[in-house]
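Reading the structure
Single-letter residue listing:
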Amino acid sequence: MFPKSSVRQFSSSAASAYKVTVLGAAGGIGQPLSLLMKLNHKVTNLALYDLRLGKGVATDISHIPTNSTVEGYGPEDDGLAKALKDADVVLIPAGVPRKPGMTRDDLFNTNASIVRDLAKAAAVNAPKAALLIISNPVNSTVPIVSEVLKEKGVYNPKKLFGVTTLDVLRSSRFLSQVVGTDPTTETVTVVGGHSGVTIVPLLSQTKHKDLPKEKYDALVHRIQFGGDEVVQAKNGAGSATLSMAQAGARMAGSVLKGLAGETDITEPTYIDSPLFKSEGVDFFSSRVTLGPEGVKEVHPLGTISTAEEEMIKVAKETLIKNIKKGVDFVKANP
Ligand code: NAI
């Protein structure tokens, strides 16, 4: 007989019984993200909530023949509580996206209260869930969620994640375009936060650390502001949704693998991090190993270049302000 732990690791049923909830499931990100979660075999119960069209999207997706139930909810009949009840992983892409000329911080006024209210519901109905925050500005919405969970007495810093995976995807893609390689072979650790200058790709840790300065500067700028390319191309109709759904599904997939006891699962992600707490930066994105309890290990940045050190200094200054803005919001608007 196998010991119980190894049975859990290899069996397709026991290790794979997870309820995943998407809040904002009918949006530009929510729909393809929900579709991708339906295709994840670890998910046995998919709950889709939105102010509008939650049931429609759920019914549509439910016809896909993978081994999970799909339930759709709207705000009526306590739908939010039912969608969240006992979820293992909650993905939050609810809120408004950017239009041309807007920064992510411009979304704060609208999205802060949406995220705060969804976090309150999650605290009550799924206090043990891993929460993956996609709604922008991530640098501030993650601290908002942490404040709400603290107030409710259920904050577990190991289970709160700001989804920065899109920056990681873009880094692989854009780097491969510059150096002419297969993007699937390019892995870039991106640290800091998720907006403009807080996005710091550690290109010195890739195989391509000797890029000419002009190419390097252009690449870093494209990674930091790649979201603007999509916002401009969509011309007022929103920001990245499809690439973001892929990014969110990858991050959720990694969190689920960690919960299921798979080993060596690492992702860069924005968390309540010990790395720069002594300097007043309470949240920071870096490479994190995921495990059965959520965050298992927060990796230090490792050896970085002088240019990266300088970028991290700037990122920290901005992050301190972004984090304070989120914390102050919850204090003023509990
Ligand atoms: P969208 O407008 O297409 O969809 C948002 C959805 O949220 C809508 O269906 C809306 O009904 C729903 N919603 C609004 N308030 C809600 C509430 N209180 N409860 C439940 N659902 C609610 O927007 P899109 O393009 O899907 O973007 C969503 C968010 O994701 C934005 O804040 C955007 O800035 C952010 N985003 C984050 C990225 C990241 O890398 N973390 C990348 C791209 C976008």
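Residues numbered from 1 in each chain as written. Predicted model: local features only at pLDDT ≥ 70, side-chain atom pairs only at ≥ 80, totals over all residues. Heavy atoms only, no water.

The name given to the protein in an unreviewed UniProt entry is Malate dehydrogenase, and the organism recorded there is Pichia californica. One UniProt comment on the protein, placed under Catalytic activity (unreviewed entry), says "(S)-malate + NAD(+) = oxaloacetate + NADH + H(+)". Listed under Sequence similarities (unreviewed entry) in UniProt, the entry text for the protein is "Belongs to the LDH/MDH superfamily. MDH type 1 family." (UniProt positions renumbered as here; feature names shortened; annotations may be inferred.)

Let us now look at the UniProt feature "domain: Lactate/malate dehydrogenase N-terminal" (unreviewed entry) in the protein. What UniProt calls "domain: Lactate/malate dehydrogenase N-terminal" (unreviewed entry) maps, in this numbering, to residues 19–162. Taken end to end, residues 19–162 comprises 39% helix and 19% strand; its first and last C-alpha atoms sit 20 Å apart. (Helix = DSSP H or I, 4+ residues; strand = E, 2+ residues; numbered from the N terminus.)

The next point concerns the environment of Ile92. Examined against the element boundaries, Ile92 turns out to sit in strand E4 (residues 89–92). Here the alpha-carbon distance between Ile92 and His41, two residues 51 residues apart in the chain, equals 20 Å. For Ile92, the residues in contact, after removing those within four places along its chain, are Leu23, Leu118, Leu132, Ile133, Ile134 and Ser135. (Contact = heavy atoms within 4.5 Å.)

End to end, helix H6 (residues 138–151) covers 20 Å across 14 residues, agreeing with the expected 20 Å (1.5 Å per residue, within 8%). With respect to burial, H6 is a largely interior element, twelve of its 14 residues being buried. Listing the buried residues of H6 in full gives Val138, Asn139, Ser140, Thr141, Val142, Pro143, Ile144, Val145, Ser146, Glu147, Val148 and Leu149. Structurally, H6 contributes buried residues whose contacts are with helix H5 (108–125), strand E5 (130–133), strand E6 (160–162), strand E9 (265–272), strand E10 (283–291) and helix H10 (306–332). Looking one or two places after H6, you find Gly153, whose phi comes out positive at around 75 degrees. (Expected span 1.5 Å × (residues − 1). Buried < 20%, exposed > 50% of the residue type's maximum accessible area, 1.4 Å probe, protein only.)

In this section: the domain arrangement of the protein. Structurally, the protein comprises domain 1 (4–163) and domain 2 (165–325). The C-alpha centroid of domain 2 is placed 21 Å from the C-alpha centroid of domain 1. In this assembly, 42 residues from domain 1 lie in contact with 45 residues from domain 2. Across the domain 1/domain 2 interface, buried area totals approximately 3600 Å², and carbon plus sulfur atoms make up 65% of it. Summed over the three residues of domain 1 that lose the most area to domain 2, namely Arg98, Arg104 and Asn139, the buried surface amounts to 18% of that side. Counting across the domain 1 and domain 2 interface gives three salt bridges. In this structure, Asp105 engages Lys325 in a salt bridge whose closest nitrogen and oxygen atoms are separated by 3.0 Å. (Domains from an automatic or database assignment. Buried area = accessible area lost by both parts, 1.4 Å probe. Salt bridge = Lys/Arg side-chain N within 4 Å of Asp/Glu carboxyl O.)

As a further point, take the site of the ligand. Near the ligand you find 29 residues, and of these Gly28, Ile29, Asp50, Val96 and His194 are the closest. For the ligand, an oxygen atom lies 3.2 Å from a polar atom in the backbone of Gly27. Side-chain polar atom of His194 to an oxygen atom of the ligand: 2.9 Å apart, as the coordinates give it. If the ligand stood free it would expose 870 Å²; the protein chains cover 88% of that surface. If one sorts the elements of the shell around the ligand by residue count, H5 sits on top with three residues. Two domains share the shell around the ligand, each providing at least three of its residues, namely domain 1 (4–163) and domain 2 (165–325). (Near = heavy atom within 4 Å. Polar contact = N/O pair within 3.5 Å; in protein donor to acceptor, adjacent residues only side chain to side chain. Areas by Shrake-Rupley, 256 points an atom, 1.4 Å probe, with all protein chains shown as cover.)

Below, the discussion takes up the pairing of strand E1 (residues 18–23). With six of six residues buried, E1 lies mostly within the body of the structure. Alternating residues of E1 divide into Tyr18, Val20 and Val22 and Lys19, Thr21 and Leu23, and every residue in both groups is buried. Relative to strand E2 (residues 43–49), E1 is paired through six bridges, and the arrangement is parallel. Directly across from Val22, in E2, lies its bridge partner Leu48. Viewed along the sheet, the connection from E1 through helix H2 (residues 30–38) into E2 turns out right-handed. As paired strands, E1 and E4 are joined by three bridges and run parallel to one another. (Pairing = 2+ DSSP bridges. Right-handed = clockwise from strand over helix to strand, strands pointing away.)

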